[in-house]
Amino acid sequence: MTKAIPRIGSHRNGRIGSRKNGRRIPKGVIHVQASFNNTIITVTDVRGRVVSWASAGTSGFKGTRRGTPYAAQAAAVNAIHTAVDQGMQRAEVMIKGPGLGRDAALRAIRRSGILLSFVRDITPMPHNGCRPPKKRRV
């Protein structure tokens, strides 16, 4: 005898519909990690749960073009678009890293219509910690 296939929207298996679409986030945090090779934008709620994310690689850029300011701008637009669809109106911005996409991503965030409460640079700076690698000789 064949096994009964449970219905997707039934009460027995717990969930009715998708939980991801039901969440409304009025305030959030936008994390921008800009390295020399890529820029990653992560949008979270105030508790730190990820709402959406995008990078220059997922936005369609490959190779050395991922490190460009235009790729960072496109990634920021993609990440913020889904967050705005879920109701985000206010945000804090945390920027980390030395990459070229820092300013371009921040400019794209400002143009998106989200009110920014503050912009903070959280790039880790060593207090003379580890010895850096030797300088390149080209």
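Overview of the structure. (Residues numbered from 1 in each chain as written. Predicted model: local features only at pLDDT ≥ 70, side-chain atom pairs only at ≥ 80, totals over all residues. Heavy atoms only, no water.)

**Looking at the pairing of strand β5 (residues 115–121)**
And then number 1: Judged from the five bridges that link them, strand β4 (residues 90–96) and β5 form a sheet pairing that is parallel. Bridging across to β5, Arg90 finds its partner in Leu115.
And then number 2: Traced from β4 through helix α3 (residues 101–111) to β5, the parallel crossover comes out right-handed. (Pairing = 2+ DSSP bridges. Helix = DSSP H or I, 4+ residues; strand = E, 2+ residues; numbered from the N terminus. Right-handed = clockwise from strand over helix to strand, strands pointing away.)

**Overview of the sheet that holds β4**
And then number 1: The sheet built from five strands is open, its strands ordered β3-β2-β1-β4-β5 with mixed pairing. The open sheet has two free edges, formed respectively by β3 (50–55) and β5, since each of these has just one partner strand. Across the sheet, the axes of successive neighbouring strands diverge by a mean angle of 15°, strand direction being ignored.
And then number 2: Bridge count between strand β2 (residues 39–45) and β3: five bridges; the pairing is antiparallel. When the bridges of β3 are listed, Val43 appears paired with Ser52.
And then number 3: Running at roughly 160° to β3, helix α2 (residues 69–85) makes contact with β1 (27–34), β2 and β3 of the sheet.
And then number 4: Contacts from α3 reach β1, β2, β4 and β5 within the one sheet, and its direction differs from that of β5 by about 165°. (Axes fitted to C-alpha atoms, helices over the stretch in contact; angles between N-to-C directions. Contact = heavy atoms within 4.5 Å.)

**Comments concerning α3**
And then number 1: Within α3, burial applies to Gly101, Ala104, Ala105, Leu106, Ala108 and Ile109.
And then number 2: As for α3, its buried residues are in contact with β1, β2, α2, β4 and β5.
And then number 3: Of the residues trailing α3, Gly113 is marked for its positive phi of about 100°. (Buried < 20%, exposed > 50% of the residue type's maximum accessible area, 1.4 Å probe, protein only.)

**Quick notes on the pattern of salt bridges**
And then number 1: Under the counting rule described, the total for this entry stands at three salt bridges.
And then number 2: Between Glu92 and Lys27 there is a salt bridge, with the nearest N and O atoms lying 2.8 Å from each other. One end of the pair, Glu92, is in strand β4; the other, Lys27, is in strand β1, with 65 residues separating them in the sequence.
And then number 3: Owing to a relative accessible area of 15%, Glu92 belongs among the buried residues under this scheme. (Salt bridge = Lys/Arg side-chain N within 4 Å of Asp/Glu carboxyl O.)

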